[in-house]
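Below, each chain spelled out in residue letters.
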Amino acid sequence: MSARPTLSLVLPIYNEEPVIPELHKRLAAFLGDVGESWEVIFVDDGSRDRSREMLRALAEQEPRYKVVGFARNFGHQIAITAGVDYAIGEAVVVMDADLQDPPEVVKAMIDKWREGFDVVYAVRTKREGETFFKKVTAAAFYRLLRKMIRIDIPLDAGDFRLMSRQVVIALRSLRETHRFVRGMVSWVGFKQTAVYYERPARFAGETKYPLRKMMRFAIDGVTSFSTVPLRFATWLGMLAGVIAIGAAFWALWTKFFGTGVVPGWTTLMMLVAFGSSAQLLMTGILGEYIGRIYEEVKRRPLYLVSEERNVGENDERGPRHG
Ligand code: UDP
Ligand code: MG
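Calculation criteria
Residues numbered from 1 in each chain as written. Chains lettered and ligands numbered in written order. Predicted model: local features only at pLDDT ≥ 70, side-chain atom pairs only at ≥ 80, totals over all residues. Heavy atoms only, no water. Core = buried A, V, L, I, M, F, W, Y, C linked by side-chain atoms within 4.5 Å. Buried < 20%, exposed > 50% of the residue type's maximum accessible area, 1.4 Å probe, protein only. Helix = DSSP H or I, 4+ residues; strand = E, 2+ residues; numbered from the N terminus. Contact = heavy atoms within 4.5 Å. 1 Å grid on protein atoms, 1.4 Å probe; cavity = no way out; pocket = protein on both sides within 12 Å on 5 of 7 lines; lining within 4 Å. Points joined across faces, edges and corners; volume = space filled by probe spheres on them. Nonpolar A, V, L, I, M, F, W, Y, C, P; charged D, E, K, R; others polar. Donors = N, O, S within 2.8 Å, 3.2 Å for Na, K, Ca; no water. Axes fitted to C-alpha atoms, helices over the stretch in contact; angles between N-to-C directions. Parallel < 35°, antiparallel > 145°, perpendicular 65-115°, else oblique. Pairing = 2+ DSSP bridges. Phe/Tyr/Trp six-rings, centres within 6.5 Å; stacked < 30°, edge-to-face > 60°. Lys NZ or Arg CZ within 6 Å of the ring centre and 35° of its normal. Near = heavy atom within 4 Å. Polar contact = N/O pair within 3.5 Å; in protein donor to acceptor, adjacent residues only side chain to side chain. Areas by Shrake-Rupley, 256 points an atom, 1.4 Å probe, with all protein chains shown as cover.

Caption draft 1: Up close: the nonpolar core. F70, V84, L145, M163, L171, F180 and Y303 are the most contacted members of the largest nonpolar core, which has 48 residues in total. No other element matches helix 3 (residues 76-86), which puts 6 residues into this core. Apart from residues no more than four positions distant in its own chain, V84 is found in contact with V10, V92, V94, M163, V168, L171 and R172. One finds L9, I20, L58 and M109 within the second-largest nonpolar core, a separate group that totals 38 residues.

This is how it looks when you write it as structure tokens:
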């Protein structure tokens, strides 16, 4: 059985062919002088390009490079989960493969960990090479989310963070299907702190988070930690009630003291439109939650692994199939 390394790096990989050679270079340089024992866990999230072959070749030369290959694309958050399941290090660092999370920041994280912190998350003081739209929507989303939930999710931090073994073990016990990992890490608690860095642009290739995926991610974030949207129904209902009372008085007034009852068509249309759109909105929100309940009760494995490289037979890890 391999001895437990101090540091595990977890890198989710989805179609990162143009990035992998540079990633390897930067990792090798960093790990060469980090002064800790280490392992790297590449989780290939069902890439369709040559990423898997390239990772295999790297693992061939470097036994401390471990590869966990998914049977298909399961998504970024699930890939992180698998990496954390497989990691055996004393401290586990999750980082993006596109070099937007520079390995050099990990040094500062290790220092904080040695000071006694269990979670060290990296806060972006600046984001380069990302669209204005992404920056604005992300900033608004996290501020809104914080208002809706009770746990303290740090602002302007992604999944780039170091976790102690204790936190890793705690995190492994959360097996929900719809995962908002950064929220889950906050939820487990322990001693948490931040380091700050300027986030560079993606080294090469394109973002794997188009608007559609970003929306789904945001909805997962809200629904996994908050039921506030379900309460909208109550608020909307109350608002509609107040409007209805006002409208009733107005209708009576026009009937008895006004010009007659036929005018009022516009108001009627507006009230009907408001009422039915509020109902549809609430049905939609209910549907989001019910759909998630359905997904969770199926109890499917979170991921399926089709290939492992350099993963020791005796390495302790989470369930192989999620
Ligand atoms: N990723 C993944 N599975 C996916 C999408 C992304 O494993 O379905 C990986 C991707 O290879 C990268 C990380 O998740 O290492 C973050 O993705 P990306 O850089 O595209 O997101 P962005 O930085 O644009 O938000
Ligand atoms: Mg990126």
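Caption draft 2: Representation of empty space enclosed by the protein within the structure. Applying the stated criterion across every chain yields a total of 1 cavity of 30 Å³ or more. Roughly 60 Å³ of internal volume is contained in the largest cavity. Taken together, the elements giving at least two residues each to the lining of the largest cavity come down to helix 3, helix 6 (165-172) and helix 7 (181-188). Looking at which element gives the most residues to the lining of the largest cavity, the answer is helix 3, with 4 residues. Classifying every residue of the lining of the largest cavity gives 5 nonpolar, 1 polar and 4 charged.

Caption draft 3: Broad picture of the side chain of R52. Structurally, R52 is set in helix 2 (residues 51-61). Among the residues examined, R52 registers a relative accessible area of 12% and is labelled buried. Apart from residues lying up to four places away in sequence, R52 is in contact with D44, G46, G69, F70, S306 and E307.

Caption draft 4: Expanded view of the coordination of the magnesium ion (ligand 2). Protein coordination at the magnesium ion (ligand 2): the donors are D98 (OD) and Q100 (OE1), at 1.9 to 2.0 Å from the metal. Each member of the pair D98 and Q100 is classed as buried.

Caption draft 5: Representation of the packing of helix 8 (residues 211-225) against helix 10 (residues 265-297) within the structure. Two elements in contact, helix 8 and helix 10, have axes separated by 11 Å at closest approach and are oriented at 85°. In terms of axis orientation, helix 8 runs roughly perpendicular to helix 10. Residues R216, I219, D220, V222 and T223 of helix 8 lie in contact with helix 10, whose contacting residues are E288, Y289 and R292. For the contact of helix 8 with helix 10, the per-class residue count stands at 3 nonpolar, 1 polar and 4 charged.

Caption draft 6: Representation of the sheet that holds strand 1 (residues 7-13) within the structure. An order of 7-5-6-4-1-2-3-8 is seen for the 8 strands of this open sheet, with the pairing classed as mixed. In this open sheet, the two strands that pair with only one neighbour each are strand 7 (192-199) and strand 8 (305-309). Neighbouring strand axes in the sheet, compared pairwise and without regard to direction, differ in orientation by 20° on average. Across 7 bridges, the pairing between strand 1 and strand 2 (residues 38-44) is parallel. By the bridge assignment, L7 is partnered in strand 2 with W38. Across the sheet, helix 2 lies against strand 1, strand 2, strand 3 (65-70) and strand 8, angled at about 155° from strand 3, the strand it touches most. Of the strands in this sheet, strand 5 (119-127), strand 6 (157-164) and strand 7 are in contact with helix 7, which crosses strand 6 at around 40°.

Caption draft 7: Structural detail: unusual backbone geometry. A positive phi angle is found at D156, which is not glycine, with a value near 55°. Note on placement: D156 falls in the loop between helix 5 (132-148) and strand 6. With phi around 55°, R299 is a residue other than glycine that occupies positive phi space. Positionally, R299 belongs in the loop between helix 10 and strand 8.

Caption draft 8: The arrangement of the packing of aromatic side chains in detail. According to the stated counting rule, one finds 12 aromatic pairs in the structure shown. A centroid spacing of 5.5 Å and a plane angle of 80° characterise the contact between F160 and Y197, whose relative ring orientation is edge-to-face. With F160 in strand 6 and Y197 in strand 7, this residue pair connects regions lying 37 residues apart in the sequence. With a relative accessible area of 6%, Y197 lands in the buried category. A ring pair is formed by W253 and F257, whose centres lie 4.8 Å apart and whose planes are at 45°; its orientation type is tilted. Taken together, the residues span about one helical turn, with W253 and F257 both in helix 9 (residues 228-257) at a distance of 4 residues. With respect to burial, W253 and F257 carry one shared label: exposed. One aromatic cluster is present, formed by F141, Y142, F180, Y209, F217 and F225 through successive ring pairs. Over the ring of F74 we find R72, and its NZ or CZ is 3.9 Å from the ring centre.

Caption draft 9: Here's a closer look at the site of ligand 1. The full set close to ligand 1 counts 19 residues, and E16, D45, D98, T207 and K208 are the nearest of them. In the model, an oxygen atom of ligand 1 is placed 2.8 Å from a nitrogen or oxygen of the K134 side chain. In the environment of ligand 1, an oxygen atom lies 2.5 Å from a nitrogen or oxygen atom belonging to the backbone of K208. Relative to its unbound accessible area of 530 Å², ligand 1 is 95% covered by the protein chains. Looking at the shell around ligand 1 residue by residue, the classes come out as 5 nonpolar, 5 polar and 9 charged.

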